[in-house]
Amino acid sequence: MNTLPPLPGPLPLPVPDPRAHDVVLDYAGMHALVADLVLPGDASMYVMSAMETSRELIRHSYYRYEFATVAVMHSLYALEHVLAERLAVDKPLQDLIERAVDAGLIAAELAAELDRGRLLRDKLTQGAVTSAALGPVRATDMVRVVFDAVSLLLRPSVVAEATAADTSGAQPEDQLAGLWEEHRRALFPASFRGVDIEGVDLVLLDADVHGLVQRELNCGLDDRGIAILWACIADLEKIVPLINEEYCAAYFARLRTMAKLAAARHIPTAT
């Protein structure tokens with residue numbers, strides 16, 4: 001039996017927090033702010049719930065500014081859970097982040113960004129800062145780093161994926177199309193943007209091979225495209241052994257496998 005007294009009237013509409021006025025013009029602007037915080041489809045329900053909640057807290061910080069800082073704290077629940085599962089240890093977050101770097105699961109630059117969130121959480125726990133420490137924009141940046149890290153950590157067999165085309169027994173055409181589709185959905189290693197190895201710009205190399213493989217699958221490469229593809233393969237052969245971060249190495253190893261499969265279509269068969 002419901003013993004609560006009836007409400008005296010309709011509930012008041014939420015009032016925008018005046019501190020959010022410098023961020024967006026209206027609540028609709030908050031949707032664009034968090035639009036690229038995409039949930040990883042292969043996460044557990046716990047991780048999905050924590051990450052989605054952190055995203056929505058940022059969105060609703062339009063009405064309560066402090067929600068932005070809370071969003072970062074909440075996203076760390078997902079990060080800590082995924083790290084503990086991936087490393088198979090139950091340790092504090094700082095230790096988990098350090099172990100992930102040592103294991104080559106995440107780059108040191110990404111770890112440093114994640115540790116900023118961890119330090120903020122510690123300060124909040126100690127009363128050194130308040131829940132108004134971050135605004136929505138900075139909170140979005142920090143939550144985005146967590147989203148990127150979780151997506152990266154949820155790929156436990158990336159090295160195996162990169163060599164699957166050599167062992168699966170599928171036809172080369174099917175291998176190439178399957179690998180291209182996987183690569184199209186994969187996140188570029190965030191900490192390697194703007195990086196070049198032995199004079200090879202990783203972003204440009206990725207874009208070149210991606211475009212060439214797509215063209216090969218759609219209509220086939222001409223002689224010029226084939227020549228560029230072989231040049232890309234030479235660059236990949238040079239840089240892949242030099243990459244010492246697991247996800248990035250696997251990402252470019254898969255790119256190399258795709259390039260070789262595409263090039264193999266244009267090698268005359270022996271008679």
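Described in the following lines is the structure provided in the data block. Please read all numbers here as calculations on a predicted model, not as lab measurements. (Residues numbered from 1 in each chain as written. Predicted model: local features only at pLDDT ≥ 70, side-chain atom pairs only at ≥ 80, totals over all residues. Heavy atoms only, no water.)

Here helix α3 (residues 67–87) contains 21 residues, and its C-alpha end-to-end distance of 30 Å stays within 8% of the 30 Å for a straight helix at 1.5 Å per residue. All buried positions along α3 are accounted for by Ala68, Thr69, Ala71, Val72, Met73, Ser75, Leu76, Ala78, Leu79, Val82, Leu83 and Leu87. The inward-facing, buried residues of α3 contact α2 (45–60), α4 (93–102), α5 (108–126) and α6 (136–153). Directly after α3, the chain includes Ala88, whose backbone phi takes a positive value near 60 degrees. (Helix = DSSP H or I, 4+ residues; strand = E, 2+ residues; numbered from the N terminus. Expected span 1.5 Å × (residues − 1). Buried < 20%, exposed > 50% of the residue type's maximum accessible area, 1.4 Å probe, protein only. Contact = heavy atoms within 4.5 Å.)

Before going further, it helps to spend a moment on the packing of α5 against α6. Interhelical geometry of α5 versus α6 gives an angle of 125 degrees and a closest axis separation of 10 Å. Here α5 lies oblique to α6, going by the angle between them. Viewed along their axes, α5 and α6 form a crossing whose handedness is left-handed. Along the contact surface, α5 presents Leu110, Glu113, Leu114, Arg116 and Gly117, while α6 presents Arg138, Met142, Val145, Val146, Ala149 and Leu152. Counted by class, the contact of α5 with α6 contains 7 nonpolar, 1 polar and 3 charged residues. (Axes fitted to C-alpha atoms, helices over the stretch in contact; angles between N-to-C directions. Parallel < 35°, antiparallel > 145°, perpendicular 65-115°, else oblique. Left-handed = near helix turned anticlockwise from the far one by under 90°. Nonpolar A, V, L, I, M, F, W, Y, C, P; charged D, E, K, R; others polar.)

What is shown is where atoms sit, not what they do.
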